[in-house]
Amino acid sequence: MHVEVLGGGPAGLTLAILLKRHDPAHTVRVIERGSRGATWGFGVVFSDRALDFLRADTPELHGLLTPRMQSWQDLTIVHGHTRVPIGGNGFASIGRLELLDALQREAERLGVELVFDRPAADVRELGDADLWVAADGAFSASREARAAALGTTIDWRHNR
């Protein structure tokens, strides 16, 4: 199977890794508009429960990422001058750039092709694939173009 993943963020890279692990014969390419080493956003936080899911579903990724994470067990809600500590809610965080670097290295080790500095407008020149995955953000040009081509619509709603 030939898979093109548009977007080299955590979701696109994780999918690429899982596809190659599932079947190394898959041809998987991740296309990212930004440069290697560039990121949008800050750190990524996982709850202990999310890490439990990651360990159960993909122990290799869990083992790759958790040594790079900072973890804590307690939260404190502060309202005005009142502090309310809450225990039993474990979390772990990792800097976004460190997360992307680890996922990029793992993807390349497995044989995923990573393409950087490729805007979504250029994607139309790439040809056919068995599966196209839009992992490049809710407001991406490729998502809008693909949605129009597939006849889907987007109905944006307000959120408080």
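**So, the nonpolar core**
For soluble globular proteins, nonpolar side chains are generally found buried alongside one another.
(1) Moving on: One finds V28, V30, L65, M69, V112 and L114 to be the most contacted residues of the largest nonpolar core, which totals 27 residues.
(2) Moving on: Per-element tally for this core: the top contributor is helix α4 (residues 96-110), with 5 residues.
(3) Moving on: In this structure, V30 is in contact with V5, G7, G8, G12, L13, A16, V112, E113, L114 and V115, ignoring residues within four places of it in sequence.

**Considering the packing of helix α1 (residues 10-22) against α4**
Packed helix pairs are specified by the crossing angle of their axes together with the interaxial distance, meaning the distance between the axes.
(1) Moving on: Between α1 and α4, whose axes approach to 9 Å, the crossing angle comes to 25 degrees. Taken together, α1 and α4 sit at an angle that is classed as roughly parallel. Crossing angle aside, the handedness with which α1 passes α4 is left-handed. Contacts between α1 and α4 involve P10, L13, T14, I17, K20 and R21 from the former and R96, L99, L100, L103, Q104, E106, A107, R109 and L110 from the latter.
(2) Moving on: In terms of residue class, the contact of α1 with α4 is made up of 8 nonpolar, 2 polar and 5 charged.

**Some thoughts on unusual backbone geometry**
(1) Moving on: Its identity is not glycine, yet D117 carries a phi of approximately 60 degrees, on the positive side.
(2) Moving on: Here D117 shows up in the loop between β8 (113-115) and β9 (131-134).
(3) Moving on: Taking the relative accessible area as the measure of exposure, D117 reaches 48% and is therefore partly exposed.

**Examining the side chain of E106**
(1) Moving on: Relative to the assigned elements, E106 resides in helix α4.
(2) Moving on: Exposure remark for E106: the relative accessible area of 10% places this residue in the buried category.
(3) Moving on: A distance of 2.9 Å separates a polar atom in the side chain of E106 from a polar atom in the side chain of R109.

**Some thoughts on the environment of A129**
(1) Moving on: In this structure, A129 sits in the loop between β8 and β9.
(2) Moving on: Judged by relative accessible area, which is 22%, A129 ranks as partly exposed.
(3) Moving on: Taking the C-alpha atoms as reference points, A129 and E4, 125 residues apart in sequence, are found 6.4 Å from one another.
(4) Moving on: Residues contacting A129, with those up to four places away along its chain left out, are H2 and E4.

What counts and what doesn't
- Residues numbered from 1 in each chain as written.
- Predicted model: local features only at pLDDT ≥ 70, side-chain atom pairs only at ≥ 80, totals over all residues.
- Heavy atoms only, no water.
- Core = buried A, V, L, I, M, F, W, Y, C linked by side-chain atoms within 4.5 Å.
- Buried < 20%, exposed > 50% of the residue type's maximum accessible area, 1.4 Å probe, protein only.
- Helix = DSSP H or I, 4+ residues; strand = E, 2+ residues; numbered from the N terminus.
- Contact = heavy atoms within 4.5 Å.
- Axes fitted to C-alpha atoms, helices over the stretch in contact; angles between N-to-C directions.
- Parallel < 35°, antiparallel > 145°, perpendicular 65-115°, else oblique.
- Left-handed = near helix turned anticlockwise from the far one by under 90°.
- Nonpolar A, V, L, I, M, F, W, Y, C, P; charged D, E, K, R; others polar.
- Polar contact = N/O pair within 3.5 Å; in protein donor to acceptor, adjacent residues only side chain to side chain.

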